[in-house]
Amino acid sequence: MTLEQLYALIGPDMKAVDAVIRERLHSDVVLVRQVAEYIINSGGKRMRPALVLLAAGALGYQGRHHHELAAVVEFIHTATLLHDDVVDESELRRGRDTANAAFGNAASVLVGDFLYSRAFQMMVAINDMRVMQVLSDATNVIAEGEVLQLMNCHDADVDEARYMQVIHYKTAKLFEAAAQLGGIVAGAAPDVEAALARYGMHLGTAFQLVDDVLDYSGQEADTGKHLGDDLAEGKPTLPLIYVMQHGTPAQAACVRKAIEEGGRDDFPAVLAAIQQSGALAHARKRAAEEGELARASISALGDSIYKKALLQLSFLAVERNH
């Protein structure tokens, strides 16, 4: 099953989410609309809103609140992208100029703020304290993850545990919240809600680990970003950490220098070290383990086509090439 086939299951719901997004993007300020629509319509996978819909569907939910919640999750995600690209000085995302490249840093930061605040307006309108708790906690943890990642930049002594903490905070937390929201809106029992949250956390971790792999093995036409961006920013991701711990002394020294100094000058040598040391296979293996943990988390859910889709999504997150 491809991602497109999986999404066909929730096609009508995703159209409803898109309608909510378009409606809630409205602003009397022209630049806000331009930047927000630019990034929202730039071809993202919409995996986080899909998680809300699939989790709710797996519990038999029949209402419409999950459309609003899915849109809220997408707004929060989009706000983080706008801010991330400014911090990282990125120029390319999903095969297009980043919003900061197209509109400038100031517009990107401020429109990111607009999307955050609009998401919180929508949360309040839903009028469910549990929803507000989960999403406000998630937003705060994501911000902490961004700061942790900033602190780790150019630090070649970051180990796997410290790096996994960044992943859990920065990426997996919103996946966790999205799946959990599907349980909340469906009125799930606490143990079911917690199981969905675990599923989302492991899925998000697997997703980010594969992103790390693709930064050194993908095709730019597929990934829509420049290969080696993480290295250029001095980010010690899992493949680099693995080389420093398990590569030859020369390989480890090469990677250490690249992390500490940043830039792309050492990219060919670092890429060779990653390929020769088995770092990519290790990262893929860790991603596969996270996918397995995600599937185990929802093993007790009743059988349904939505549960099957959630299980399939955990394989797709690991096996993707973009």
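Residues numbered from 1 in each chain as written. Predicted model: local features only at pLDDT ≥ 70, side-chain atom pairs only at ≥ 80, totals over all residues. Heavy atoms only, no water.

Q: How would you explain the pattern of salt bridges if you had to name every residue and give the values?
A: Enumeration according to the criterion identifies 18 salt bridges in this entry. One salt bridge connects Arg162 with Asp155, and the closest N-O pair in it is separated by 3.2 Å. By relative accessible area, Asp155 is classed as partly exposed at 21%. Linked through salt bridges whose partners overlap, the residues forming this network are Glu160, Lys285, Arg286, Glu289 and Glu290. (Salt bridge = Lys/Arg side-chain N within 4 Å of Asp/Glu carboxyl O. Buried < 20%, exposed > 50% of the residue type's maximum accessible area, 1.4 Å probe, protein only.)

Q: Describe in detail the side chain of Lys173, supporting the description with residues and values.
A: Secondary-structure assignment places Lys173 in helix α9 (residues 160-185). Within the structure, Lys173 has its side chain in polar contact with the side chain of Glu176 (distance 3.1 Å). Once residues lying within four places of it in the same chain are set aside, the contact partners of Lys173 are Ala138, Val141, Ile142 and His168. (Helix = DSSP H or I, 4+ residues; strand = E, 2+ residues; numbered from the N terminus. Polar contact = N/O pair within 3.5 Å; in protein donor to acceptor, adjacent residues only side chain to side chain. Contact = heavy atoms within 4.5 Å.)

Q: Talk me through the environment of Gln165; I want residue IDs and the actual numbers.
A: Relative to the helices and strands, Gln165 is located in helix α9. Residue Gln165 is classed as partly exposed on the basis of its relative accessible area of 32%. C-alpha separation for the pair Gln165 and Gly247, spaced 82 residues apart in sequence, amounts to 23 Å.

Q: Run through unusual backbone geometry, naming residues and quoting values.
A: Located in the positive-phi region is Asn127, a residue other than glycine, with phi close to 60°. Looking at where Asn127 falls in the secondary structure, it is placed in the loop between α7 (105-126) and α8 (129-152). Residue Asn127 is classed as exposed on the basis of its relative accessible area of 64%. With a phi angle near 65°, His154 is a residue other than glycine that sits in the positive phi range. Position of His154 among the secondary structure elements: in the loop between α8 and α9.

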